[in-house]
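Now for the letters of each chain:
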2 protein chains.
Amino acid sequence: MTEEKKDNIVFIGSKPLMAYVNAVQMQFKEGQEKVQISARGKNMNAAIDVEQIITQRFMKDEVETESIKTGSEEFNKKDKDGKETDKKTKVSTLDIILKKK
Amino acid sequence: MTEEKKDNIVFIGSKPLMAYVNAVQMQFKEGQEKVQISARGKNMNAAIDVEQIITQRFMKDEVETESIKTGSEEFNKKDKDGKETDKKTKVSTLDIILKKK
């Protein structure tokens with residue numbers, strides 16, 4: 001078992017949607033019972049799209065949504081040079097747990 | 001009681017975030033026990049932002065999240081002239097129910 005296989009969290013970034021759909025499918029096919037889809041800010045849409053594609057189409061009979069959790073993360077704003085400032089800002093977060101039926 | 005007050009669903013569109021935060025607050029202040037935040041596609045991010053701002057900041061002591069539900073809606077694609085075609089396409093949907101503590 002490689003390092004990758006142990007990690008059952010798929011972080012949603014700016015790749016095409018299907019990259020994440022494939023990543024989730026791969027995790028289940030490699031034997032994971034649960035896979036977490038995590039996203040923050042603008043990527044939360046895509047996390048829900050991935051969840052819907054997996055549970056309503058690609059793995060409809062095998063996988064269902066166990067839980068959906070929202071939250072907020074605080075971080076230090078960066079200035080125009082990309083350097084951290086003392087100003088705090090918040091971003092919303094989304095964690096969806098899928099499980100084998 | 002006006003028509004508006006009866007309706008406890010806030011649909012998230014493309015207005016500034018605070019318009020929806022205010023709409024949700026208004027509903028609770030007018031006596032609603034529950035308020036539903038609904039969004040589809042690209043507006044789902046904003047729905048989660050509104051939920052977080054209400055439950056973690058503006059109404060932290062009064063309101064909490066009761067449920068978060070995702071889904072898909074199918075509709076007919078429009079052609080370049082804006083006319084409905086026979087081609088189906090899907091969009092993800094998000095419904096968040098907030099309730100008074």
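Since the structure is predicted, the reported quantities are computational estimates derived from the model, not experimental observations.

Section: the sheet that holds strand E2 (residues 34-40) of chain B
Residue and element names in this part refer to chain B.
For step 1, the next point in the chain: Taken in spatial order, the four strands make up an open sheet running E1-E2-E4-E3, and their pairing is mixed. This sheet does not close on itself; its edge strands, each paired only once, are strand E1 (9-11) and strand E3 (63-78). Pairs of neighbouring strands in the sheet enclose a mean axial angle of 20°, with direction left out of account.
For step 2, the next point in the chain: In this sheet, strand E4 (residues 84-100) lies alongside E3 in antiparallel orientation, the contact comprising 14 bridges. When the bridges of E4 are listed, Gly71 appears paired with Thr93.
For step 3, the next point in the chain: Along the sheet, helix H3 (residues 44-58) makes contact with E2, E3 and E4, crossing E4 at roughly 5°.

Notes on the pairing of strand E2 (residues 34-40) of chain A
All names here are of chain A.
For step 1, the next point in the chain: Where strand E1 (residues 9-11) and E2 come together, three bridges link them in parallel fashion. From the neighbouring strand, Val10 faces E2, where its bridge partner is Ile37.
For step 2, the next point in the chain: The sheet contact formed by E2 and strand E4 (residues 84-100) spans seven bridges and is antiparallel. Pairing of Ile37 across the sheet is with Ile96, part of E4.

Considerations on the interface of chain A and chain B
For step 1, the next point in the chain: Contacts between the two partners involve 16 residues from chain A, matched on the other side by 16 residues from chain B.
For step 2, the next point in the chain: Counting each side, the surface lost to burial between chain A and chain B is near 1,400 Å², with a carbon and sulfur contribution of 52%.
For step 3, the next point in the chain: When the area that chain A buries against chain B is broken down by residue, the three leading residues are A:Asn45, A:Ile48 and A:Thr70, summing to 38%.
For step 4, the next point in the chain: Taken together, the links from chain A to chain B amount to zero salt bridges.
For step 5, the next point in the chain: For the pair chain A and chain B, the interface holds eleven residue pairs in polar contact (both at pLDDT 80 or more).
For step 6, the next point in the chain: Of all the secondary-structure elements, those providing two or more residues to the side of chain A that touches chain B are helix H3 (44-58), strand E3 (63-78) and E4 of chain A.

Criteria and cut-off values
Residues numbered from 1 in each chain as written. Chains lettered and ligands numbered in written order. Predicted model: local features only at pLDDT ≥ 70, side-chain atom pairs only at ≥ 80, totals over all residues. Heavy atoms only, no water. Pairing = 2+ DSSP bridges. Helix = DSSP H or I, 4+ residues; strand = E, 2+ residues; numbered from the N terminus. Axes fitted to C-alpha atoms, helices over the stretch in contact; angles between N-to-C directions. Contact = heavy atoms within 4.5 Å. Buried area = accessible area lost by both parts, 1.4 Å probe. Salt bridge = Lys/Arg side-chain N within 4 Å of Asp/Glu carboxyl O. Polar contact = N/O pair within 3.5 Å; in protein donor to acceptor, adjacent residues only side chain to side chain.

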